[in-house]
Amino acid sequence: AGLADADPTVVMAALKLIGTSQAPAVTAKLASYPIPAQVTAIDSLGRLGDATNADAVAAMLNRPLPIRVAAVRALGRMKATSKSADVVKCLSDEHPTIRREAVIALATVLPTSDAQSHWIAALADADPSVRETAARQIQASPTDRAIAALLPDLAPEFANVHDAARDALVAIGSPAIP
């Protein structure tokens, strides 16, 4: 009942609390909600973790920034492997927040070795926050293929990037630390 209320505050509260049974109604109206409600709805769909909603969420990847951020994050939370190509495409988005969220989402939408390849490529991103996130992902799923790409980020220019690269190299272990 709250999803159809005339009061936007009630609709927002209802969107935060949706369950699996309300998801089809929300996905059907998703594009018609105001931007803040779209973000809330997408966040809630992601919280449900049901990849059957992935088509509706992926369709929002061409919307304004807050909606795109929520959509990439939700696809990752849904483990929407069928939308992995959409998440990979977000790695080349003009906005670093989208690229950063895509780096995180890769962990759940791609096989680990494929995600690692994209994380290694993201270590060369122009934005330090994207590089830091990629290094943190490599730390969580270490691969010695990342050693050469992590070394430039040991420079002290950005402390967070340096620390993430160091931590990833430590996680890789003996191949990285003679």
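None of the values given here were measured: they were computed from a predicted structure.

Q: Quick question: what am I supposed to make of the packing of helix α8 (residues 112-122) against helix α9 (residues 128-140) here?
A: Helix packing geometry: the angle between the two helix axes and the distance between the axes. At a closest axis distance of 8 Å, the pairing of α8 and α9 adopts a crossing angle of 145°. In terms of crossing hand, the pair formed by α8 and α9 is left-handed. Along the contact surface, α8 presents Trp119, Ile120 and Ala122, while α9 presents Val130, Arg131, Ala134, Gln137 and Ile138. Of the residues that constitute the contact of α8 with α9, the class distribution is 6 nonpolar, 1 polar and 1 charged.

Q: What should I look at first to understand the side chain of Thr133 in this one?
A: Considering the arrangement of structural elements, one finds Thr133 in helix α9. Overall, Thr133 belongs to the buried group, its relative accessible area being 12%. Here Thr133 is in contact with Arg100, Val103 and Ile104, once residues within four sequence places are set aside.

Q: Looking at this model, I keep getting lost on helix α11 (residues 159-172). Mind explaining?
A: Along an α-helix, residues three or four positions apart point the same way, because every turn accommodates 3.6 residues. The first and last C-alpha atoms of α11 sit 20 Å apart over 14 residues, in line with the 20 Å expected at 1.5 Å per residue. For α11, the set of buried residues is Val161, Ala164, Ala165, Ala168, Leu169 and Ile172. For α11, the angular spread of buried residues about the axis comes to 135°, placing them on one side. Against α9 and α10 (147-150) lie the buried residues of α11. Where α11 ends, the next residue or the one after it, Gly173, has phi of about 90°, a positive value.

Q: Help me out: how do you make sense of the nonpolar core in this one?
A: In globular proteins that are soluble, nonpolar side chains generally tend to be buried together. Membership of the largest hydrophobic core comes to 55 residues, with the highest contact counts inside it found for Tyr33, Ile42, Leu75, Ile138 and Leu150. In terms of residues, this core owes the most to one element, helix α5 (residues 65-78), which gives 8 residues. If sequence neighbours within four positions are ignored, Ile138 has contacts with Trp119, Ile120, Leu123, Thr143, Ala146, Leu150, Ala168 and Ile172.

Q: Which parts of the structure should I look at to understand helix α3 (residues 35-48)?
A: Here α3 spans 20 Å end to end across 14 residues, near enough to the 20 Å set by a 1.5 Å rise per residue. Looking only at α3, the buried set comprises Ala37, Gln38, Val39, Thr40, Ala41, Ile42, Ser44, Leu45 and Gly46. On the buried face of α3, the contacting elements are α1 (8-16), α2 (23-29), α4 (54-58) and α5. Downstream of α3 by a residue or two, Gly49 has a phi angle that is positive, lying close to 70°.

Q: Looking at this structure, I do not really get the packing of α1 against α3. What am I missing?
A: It is the contact of α1 with α3, at a shortest axis distance of 8 Å, that shows an interaxial angle of 15°. Taken together, the axes of α1 and α3 are roughly parallel relative to one another. Taken as a pair, α1 and α3 cross one another with a handedness that is left-handed. Here α1 contributes Met12, Leu15 and Lys16 to the contact with α3, which in turn contributes Pro36, Ala37, Thr40, Ala41, Ser44 and Arg47. Looking at the contact of α1 with α3 residue by residue, the class counts come to 5 nonpolar, 2 polar and 2 charged.

About the cut-offs
Residues numbered from 1 in each chain as written. Predicted model: local features only at pLDDT ≥ 70, side-chain atom pairs only at ≥ 80, totals over all residues. Heavy atoms only, no water. Axes fitted to C-alpha atoms, helices over the stretch in contact; angles between N-to-C directions. Helix = DSSP H or I, 4+ residues; strand = E, 2+ residues; numbered from the N terminus. Left-handed = near helix turned anticlockwise from the far one by under 90°. Contact = heavy atoms within 4.5 Å. Nonpolar A, V, L, I, M, F, W, Y, C, P; charged D, E, K, R; others polar. Buried < 20%, exposed > 50% of the residue type's maximum accessible area, 1.4 Å probe, protein only. Expected span 1.5 Å × (residues − 1). Arc of directions from axis to C-beta. Core = buried A, V, L, I, M, F, W, Y, C linked by side-chain atoms within 4.5 Å. Parallel < 35°, antiparallel > 145°, perpendicular 65-115°, else oblique.

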